[in-house]
Amino acid sequence: MTARRVILALIVIVALLLCLSIALLLFLQIRQQPAQPALPAATPTAVTGEFTITFIDVGQGDSALLRDPNGFTVLMDGGVRSAGPIIAEYLRDEGVRQIDVLVASHPDSDHIGGLITVLEMDDIPVRKVLYNGYPGDTRTWEDFARAVRDEGLRLTVTRAGDRHTWGQMRAVVINPQAGLNNPESNSACLAVMVTTGQLRTLFTCDLAFDQERDLINRGVDLDADILKVAHHGSGEGSSTAFLEAVSPEIAVISVGADNTYGHPREETLARLEDAGAGIWRTDLDGHIVIRTDGIRYAINEPLPAAEGQTPVTGSDPAGAAEPTPLPTARPERLYRVVITTVFYDGELTNEPDEYVEILNEGSQTVQLGGWTLRDKQNHVFTFPDYSLPAGEMVRVYTNQVHPDTGGFSYNTTTPVWNNGGDCAELRDPSGALVAEYCY
Ligand SMILES: [Zn+2]
């Protein structure tokens, strides 16, 4: 009996020791994990101060995932149907918990196909779906529209001139115009300028020469740091004039290897190179991740941690030898002033007057003296000397004077802003277009 007890006690002690050492090992392992260089994108809730824009390698098609420092998540397009699982896996790997805004640029299957899978995912809900208002007539479109309904959502139309606030990201839709009559699918695709801090990324979906010309003629501010090249590098887009207006530092081509369309075309690559853009391609580089703190950016590598560092170059993209500089300052863009609204319908009881709201989005005070605001009929308002601090807004009313919002007014008794649609243009004293708002 006694010997048996001793053996039992020994077994219990050994088992306890074993449990203790396993617990200690686990504890040490957990302790070690933070020392690994975890990428910011993998920790969705942490405020890292970084935005990420990922061009997901979906083969022949488009898909981009945009996240602000708080994890606000936008998914633009989703490649073909068979790319759905690739996107699903990427979203899960990155710890994405919901898609706040899903953008379907146009009904073509290489843009909305994979979005069907995303909408059907149970673990990652979608909160809102934007599209261009020109539905498709294909099976893929029907399945997409059904998946949107099954998610309990409606398709929300957005068009040129619309502005969106996506967490800390700003987006301006620049194409298509409203009221097109049965437009060709690519030409009516949603093109969007996204601003993350001071970094501007232009998404040109599958636009072609005609719409590029139209954007230039409309005076749209196309200047961007990053360009998602139109139509997978097709030869029918990315004209020299358009690339001059955009002046991108980086051009990203979302394209499948050995595709049957011959994308990207040699002449398009040559135009991008002539424009001085560093070219990145999903068929050669895989997923392309751009990280930015709003001023500097890095591609497929972490941003340097501290501020005021010397510029660091990005790793060489396959197929392009040009290094990618991290811009430390942007002297060419001294002010960032936008028109946030044109309140043209002076019928609400609490707001009898029309006004235009102008916001200084930049980090410095802007002197508005000599700046002009005009509508399509050329009613011109010229600002007197006035300092607009960073983050502040002013309104220019039509009839009355409101000192609390700058005290500016056209002082006219007739309406300026056309209820049927109009464009407000803000120009600096040199005549350069600073901001435009169309409705
Ligand atoms: Zn396409």
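Quick look at the structure, then.

Cut-offs used in this document
- Every chain is numbered on its own, with residues counted from 1 as its sequence reads.
- For a predicted model such as this one, the threshold for reporting local features is a pLDDT of at least 70, and the threshold for listing and counting side-chain atom pairs is 80 or more; totals across whole chains, interfaces and linings nevertheless cover every residue.
- Numbering goes from the N terminus for both helices and strands, where a helix is a DSSP run of H or I of at least four residues and a strand is a run of E of at least two.
- What a helix should span is 1.5 Å times the count of its residues minus one.
- For every residue, the other C-beta atoms within 10 Å of its own C-beta are counted; 20 or more classify it as buried, 12 or fewer as exposed, and values in between as partly exposed. C-beta atoms are placed from the backbone.
- Contact definition: two residues whose C-beta atoms, as placed from backbone geometry, lie within 7 Å.
- Two strands pair if DSSP finds at least two bridges between them.
- With axes taken as lines fitted to C-alpha atoms, and helix axes fitted only over the stretch in contact, angles between N-to-C directions fall between 0 and 180 degrees.
- We call a set of buried Ala, Val, Leu, Ile, Met, Phe, Trp, Tyr and Cys residues a nonpolar core when their C-beta atoms link them within 7 Å.
- Throughout, the edges of the domains are those of an automatic or database domain assignment.
- What sets the label is the angle itself: under 35 degrees gives roughly parallel, over 145 gives roughly antiparallel, 65 to 115 gives roughly perpendicular, and the rest give oblique.
- Whether a crossing is left-handed or right-handed is set by the direction in which the near helix is turned from the far one by less than a right angle, anticlockwise for left-handed and clockwise for right-handed.
- This arc describes the spread of directions from the helix axis toward the C-beta atoms.

## Quick notes on helix α3 (residues 109–120)
Consideration 1: In a regular helix each residue adds 1.5 Å, so 12 residues correspond to 16 Å; α3 covers 17 Å between its end C-alpha atoms and thus fits that length.
Consideration 2: Restricting attention to buried positions, one finds in α3 the residues Asp110, His111, Ile112, Gly113, Gly114, Leu115, Val118 and Leu119.
Consideration 3: In the core, the buried residues of α3 are packed alongside β3 (73–76), α2 (84–93), β4 (101–103) and α4 (139–150).

## Concerning the environment of arginine 218
Consideration 1: Mapped onto the secondary structure, arginine 218 falls in the loop between α5 (209–217) and β11 (226–228).
Consideration 2: With 205 residues separating them in the primary sequence, arginine 218 and cysteine 423 have C-alpha atoms 10.0 Å apart.

## Overview of the sheet that holds strand β19 (residues 372–374)
Consideration 1: The strand order across the open sheet built from four strands is β20-β19-β24-β25, with neighbouring strands paired in antiparallel fashion. The open sheet is flanked by β20 (380–382) and β25 (433–438), the only strands paired with a single partner. Recorded for the sheet is a direction-independent mean angle of 15° between the axes of neighbouring strands.
Consideration 2: Across five bridges, strand β24 (residues 423–427) lies against β25 in antiparallel orientation. Across the sheet, cysteine 423 pairs through a bridge with cysteine 438, a residue of β25.

## Regarding the environment of proline 176
Consideration 1: Looking at where proline 176 falls in the secondary structure, it is placed in the loop between β8 (169–175) and β9 (191–196).
Consideration 2: Owing to 24 C-beta atoms within 10 Å, proline 176 belongs among the buried residues under this scheme.
Consideration 3: Counting along the chain gives 13 residues from proline 176 to cysteine 189, while the straight-line C-alpha distance between them is 6.2 Å.
Consideration 4: If near-sequence neighbours (up to four positions away) are discounted, proline 176 is found in contact with Asn132, Arg159, Ala160, Pro183 and Ala188.

## Structural notes on the nonpolar core
Consideration 1: Core analysis: the biggest nonpolar cluster contains 110 residues, and Leu102, Ile174, Val192, Ala251, Val252 and Ile339 have the highest contact counts within it.
Consideration 2: Examining the composition of this core, we find that five residues originate from one element, β8, more than from any other.
Consideration 3: In terms of domain composition, this core takes at least three residues from each of domain 1 (41–299) and domain 2 (337–438).
Consideration 4: Apart from the residues within four sequence positions on either side, isoleucine 174 is in contact with Ala160, Ala191, Val192, Met193, Leu215 and Val220.

## A short note on the packing of α3 against α4
Consideration 1: In contact at an axis separation of 9 Å, α3 and α4 are set at 30° when each is read in the N-to-C sense. Between α3 and α4, the angle falls in the class roughly parallel. Handedness of the crossing formed by α3 with α4: left-handed. In this structure, α3 uses Ser109, Ile112, Gly113, Leu115, Ile116, Leu119 and Glu120 to contact α4, whose residues at the interface are Thr140, Trp141, Asp143, Phe144, Ala147 and Val148.

## Structural notes on helix α7 (residues 266–274)
Consideration 1: Of the residues making up α7, those classed as buried are Thr268, Leu269, Arg271 and Leu272. Relative to the axis of α7, the buried residues are bounded by an arc of 160° and lie together on one face. The exposed residues of α7 that point more than 90 degrees off its buried face are Glu266, Glu267, Ala270 and Asp274.
Consideration 2: Contacts made by the buried residues of α7 are with α6 (240–246), β12 (250–253) and β13 (278–281).
Consideration 3: In the segment just after α7, glycine 276 is the residue with positive phi, at about 85°.

## Observations concerning the environment of tyrosine 344
Consideration 1: With respect to the element layout, tyrosine 344 can be found in the loop between β16 (337–343) and β17 (355–360).
Consideration 2: For the pair tyrosine 344 and tryptophan 417, spaced 73 residues apart in the sequence, the C-alpha separation amounts to 5.3 Å.

## Quick notes on the pairing of β24
Consideration 1: Burial along β24 is one-sided: Ala424 and Leu426 are buried, while Cys423, Glu425 and Arg427, pointing the other way, are not.
Consideration 2: What sits between the antiparallel neighbours β24 and β25 is a turn of five residues, in which glycine 431 has the positive phi angle 90°.

## Remarks on unusual backbone geometry
Consideration 1: Residue proline 176 is bonded to the preceding asparagine 175 through a cis peptide linkage, with omega at 0°.
Consideration 2: With an omega of -10°, the peptide bond between histidine 263 and proline 264 qualifies as cis.
Consideration 3: If you trace the backbone, proline 264 turns up in the loop between β12 and α7.
Consideration 4: The residue histidine 231 is not glycine, and still its phi comes out positive at about 50°.
Consideration 5: Positionally, histidine 231 belongs in the loop between β11 and α6.
Consideration 6: Even without a glycine there, the phi angle at asparagine 411 is positive, about 55°.
Consideration 7: Its place among the elements puts asparagine 411 in the loop between β23 (408–409) and β24.
Consideration 8: Of the residues examined, asparagine 411 has 11 C-beta atoms within 10 Å and is grouped as exposed.

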